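Geometric and topological summary
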Amino acid sequence: MNNIEVKTQPYSDQRPGTSGLRKKVAVFQQENYLENFIQSIFDSLEGYQGKTLVVGGDGRYYNRHAVQVILRMAAANGFGRILVGRGGLLSTPAVSCIIRKYQAFGGIVLSASHNPAGPDGDFGIKYNIGNGGPAPEKITEAIYRKSQQIQHYRIADCGELDLDTPGEQQLGSMHIEIIDPVSDYAELMQHLFDFDRIHSLINSGLFSMRFDAMHAVTGPYAVEILENRLGVTPDALMNAEPKEDFGGGHPDPNLVYAKQLVDALFAANAPDFGAASDGDGDRNMILGHRCFITPSDSLAVLAANAHLTPGYHRGLAGIARSMPTSQAADRVAERLGIELFETPTGWKFFGNLLDAGKVTLCGEESFGTGSDHVREKDGLWAVLFWLNLLAVRKESVQEIITAHWRSYGRNYYSRHDYEAVNADGAGQLMDTLRKANGSLTGNRYGDYEVAFCDDFSYTDPVDGSVSEHQGIRIGFTDGSRMVFRLSGTGTEGATLRLYLERYEPDPERQLLDAQDGLSELIRIGEDIARIRHYTQREAPSVIT
Ligand code: G16
């Protein structure tokens, strides 16, 4: 087999965003676009010769083609071994688990997460480092710099590889192992949670549930773990067959896009528990019988109850949450006497804290929860954690969350997204807010008085790196907050996110719908930032 060098030219738009490079499929299909980015990843790394690389993706359109190219390029660039999920499939948390378990050099995950798939949809590539987590900014920036200088890429000159037969193959001097995408991950889950107790709950005849895989990667994981190991009946698994176009859906587990599941859980004879995961299996949504748990509350509940599970019964080192995530977890950390870290949006910011043993649980408002078991957020892990709590506490989801609010107070929380708006308008909105920085302090809006206003900057407590401009925060004297940020994961125009939070300590006043509980803050936020003017939108496109 020969390796060949192919001449190429840089593309100017290969800077990774919040989570890797995400673009329309058509962008990736441009001549050498994919190859350029993969070569730029390899060119930014040192010391990988002869080492192991893990490769897999969420199964969306272009996944198979990309795996074929990556394997041939990895061989030509000198990797010694590739572990690739059968059919090119691996969920994001499974990649993280496999990198760690087999001490691989790193991994490449093919996914645009929850963004729609298919020839007109999105595709994406992320590089994960040897700790199993997303590459930190210094590596993603190095990849970008390499992509701006690239002149050629290296690729093995060979035909199609068989990705579907488990076992070993050779490509030049590189071994390829086609591995079962599920088994290593399932084993890890069984180690962390009390499968016997969950099995008893599920088979008690007193409990019913639904899990919606949204035609994305978690289908096979749910079949193996929930059905084969825990005894859930097949009809409880919705959309469990992965499809290249995710069945035409938008596999974002939230109240808008997981409508089929939400309708089932809010129907008259609804099941006791419902959950969904996203395209690549790292997000989760938790529902109870006619009840929705915000991701921020979910993190707080998991932290407060972690001692009830085998994996976390020794307690937590600390908790980390992204800045826009509600402060519900802060109250739990305070009571547990452990540290709470506030990081910018992006799972990559948790990596150092986890590696340094400073935190055990992490969470983000964007339907992401995880722990030190891997270095990615983990959808099915969160589902199993909740099932473990339900099995031990023998209470409903609603009872657990209501008791939590009664004990800690409730942080009313919501995120309003204005998707695919004009990028110039969104940029002007942020610039205007940034300029007003500081001058808002002391202003009164209805019942609220501004206590501070800043542009969030983060200094990593482990390596001292500084990340600036991570979102405009406006804090009020009663502890309420609003945050304005532009998404770093969209592929069309800009997406403005407005995050809103209000604390209500009085149990008598905690049971409002979140939108009602936040109505005045929502109005204030829209006015302060002149959202209608800058976005030309009358209302948000998604409210979660
Ligand atoms: C990614 C990141 C998360 C982040 C989310 C939203 O999730 O991994 O850390 O919170 O995007 O980011 P943004 O607000 O910039 O759009 P995923 O599930 O899309 O990989």
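Along the backbone of the chain there are 18 helices and 27 strands. Radius of gyration (C-alpha) of the chain: 23 Å, near the 24 Å computed for a compact globule of 544 residues. Taken over the C-alpha atoms alone, the chain extends approximately 70 × 60 × 40 Å along its principal axes. Burial statistics for the chain: of 544 residues in total, 59% are counted as buried. Sequence separation of at least 24 residues holds for 72% of the intrachain contacts in the chain that already meet a minimum separation of 6. Carbon and sulfur atoms make up 45% of the accessible area of the chain, which totals about 20,300 Å². Side chains of the chain carry 51 positive and 71 negative charges; the gap between the two charge centres is 3 Å.

Taken together, 19 residues lie near the ligand, and Glu-364, Ser-487, Gly-488, Thr-489 and Arg-497 sit nearest. Residue Lys-377 places a side-chain N or O atom 2.8 Å away from an oxygen atom belonging to the ligand. Interatomic distance of 2.6 Å between a backbone N/O atom of Gly-488 and an oxygen atom of the ligand. Of the residues in the shell around the ligand, the class split is one nonpolar, 10 polar and eight charged.

The next subject is the nonpolar core. Membership of the largest hydrophobic core comes to 74 residues, with the highest contact counts inside it found for Met-189, Phe-193, Phe-211, Leu-226, Phe-273, Trp-381 and Leu-387. Take this core: its biggest share by element is 11 residues, from helix H13 (residues 379–393). Two domains each provide a minimum of three residues to this core, namely domain 1 (2–181) and domain 2 (185–408). When residues no more than four places from it in sequence are discounted, the contact partners of Phe-273 are Phe-207, Ser-208, Met-209, Arg-210, Leu-265, Ile-286, Leu-287, Val-383, Trp-386, Leu-387, Leu-390 and Val-397. Residues Ile-38, Val-67, Val-84 and Ile-143 belong to the second largest nonpolar core, which totals 43 residues.

Turning to the domain arrangement of the chain, a few remarks are in order. Each assigned domain of the chain is listed with its residue range as follows: domain 1 (2–181), domain 2 (185–408) and domain 3 (410–543). Placing a centre on the C-alpha atoms of domain 1 and another on those of domain 2 gives a separation of 28 Å. The interface of domain 1 with domain 2 comprises 33 residues on the first partner and 35 residues on the second. Together, the buried faces of domain 1 and domain 2 total about 2,600 Å²; carbon and sulfur atoms form 57% of this surface.

The subject of this paragraph is the pairing of strand E12 (residues 273–277). The element E12 is extensively covered by neighbouring structure, given that five of its five residues are classed as buried. Neither face of E12 is open: one carries Phe-273, Ala-275 and Ser-277, the other Gly-274 and Ala-276, and all of them are buried. Pairing geometry for strand E10 (residues 209–212) and E12, over four bridges, is parallel. Each residue of the ladder has a partner; that of Phe-211, found in E12, is Ala-275. Here five bridges tie E12 to strand E13 (residues 284–288), and the two strands are oriented antiparallel to one another.

A separate point is the packing of aromatic side chains. The relation between two aromatic rings is expressed through the spacing of the ring centres and the mutual angle of the planes. If you walk through the whole model with that rule in mind, you get 20 aromatic pairs. With 6.1 Å between their ring centres and 85° between their planes, Phe-349 and Tyr-458 make a pair best called edge-to-face. Residue Phe-349 is located in the loop between strand E16 (339–343) and helix H12 (351–355), and its partner Tyr-458 is located in strand E22 (residues 458–459); the two are separated by 109 residues in the primary sequence. Overall, Phe-349 belongs to the buried group, its relative accessible area being 8%. One aromatic cluster is present, built from ring pairs that chain together Tyr-11, Phe-28, Tyr-33, Tyr-62 and Phe-123. It is Arg-335 that lies over the ring of Tyr-408; its NZ or CZ is 3.9 Å from the centre. Against the face of Trp-405 rests Arg-410, its NZ or CZ located 4.0 Å from the ring centre.

In the contact formed by helix H7 (residues 195–202) and H13, the axes pass within 9 Å of each other and the chain directions differ by 70°. Of the possible angle classes, the one that applies to H7 and H13 is roughly perpendicular. Across from Phe-195, Arg-197, Ile-198 and Leu-201 in H7, the residues of H13 making contact are Leu-384, Leu-387, Asn-388, Leu-390, Ala-391 and Val-392. When the residues that make up the contact of H7 with H13 are grouped by side-chain class, the tally is eight nonpolar, one polar and one charged.

Conventions and cut-offs
- Residues numbered from 1 in each chain as written.
- Predicted model: local features only at pLDDT ≥ 70, side-chain atom pairs only at ≥ 80, totals over all residues.
- Heavy atoms only, no water.
- Helix = DSSP H or I, 4+ residues; strand = E, 2+ residues; numbered from the N terminus.
- Rg over C-alpha atoms; globule rule 2.2 N^0.38 Å.
- Buried < 20%, exposed > 50% of the residue type's maximum accessible area, 1.4 Å probe, protein only.
- Contact = heavy atoms within 4.5 Å.
- Areas by Shrake-Rupley, 256 points an atom, 1.4 Å probe, with all protein chains shown as cover.
- Lys, Arg positive; Asp, Glu negative; His and termini not counted.
- Charge placed at Lys NZ, Arg CZ, Asp CG, Glu CD.
- Near = heavy atom within 4 Å.
- Polar contact = N/O pair within 3.5 Å; in protein donor to acceptor, adjacent residues only side chain to side chain.
- Nonpolar A, V, L, I, M, F, W, Y, C, P; charged D, E, K, R; others polar.
- Core = buried A, V, L, I, M, F, W, Y, C linked by side-chain atoms within 4.5 Å.
- Domains from an automatic or database assignment.
- Buried area = accessible area lost by both parts, 1.4 Å probe.
- Pairing = 2+ DSSP bridges.
- Phe/Tyr/Trp six-rings, centres within 6.5 Å; stacked < 30°, edge-to-face > 60°.
- Lys NZ or Arg CZ within 6 Å of the ring centre and 35° of its normal.
- Axes fitted to C-alpha atoms, helices over the stretch in contact; angles between N-to-C directions.
- Parallel < 35°, antiparallel > 145°, perpendicular 65-115°, else oblique.

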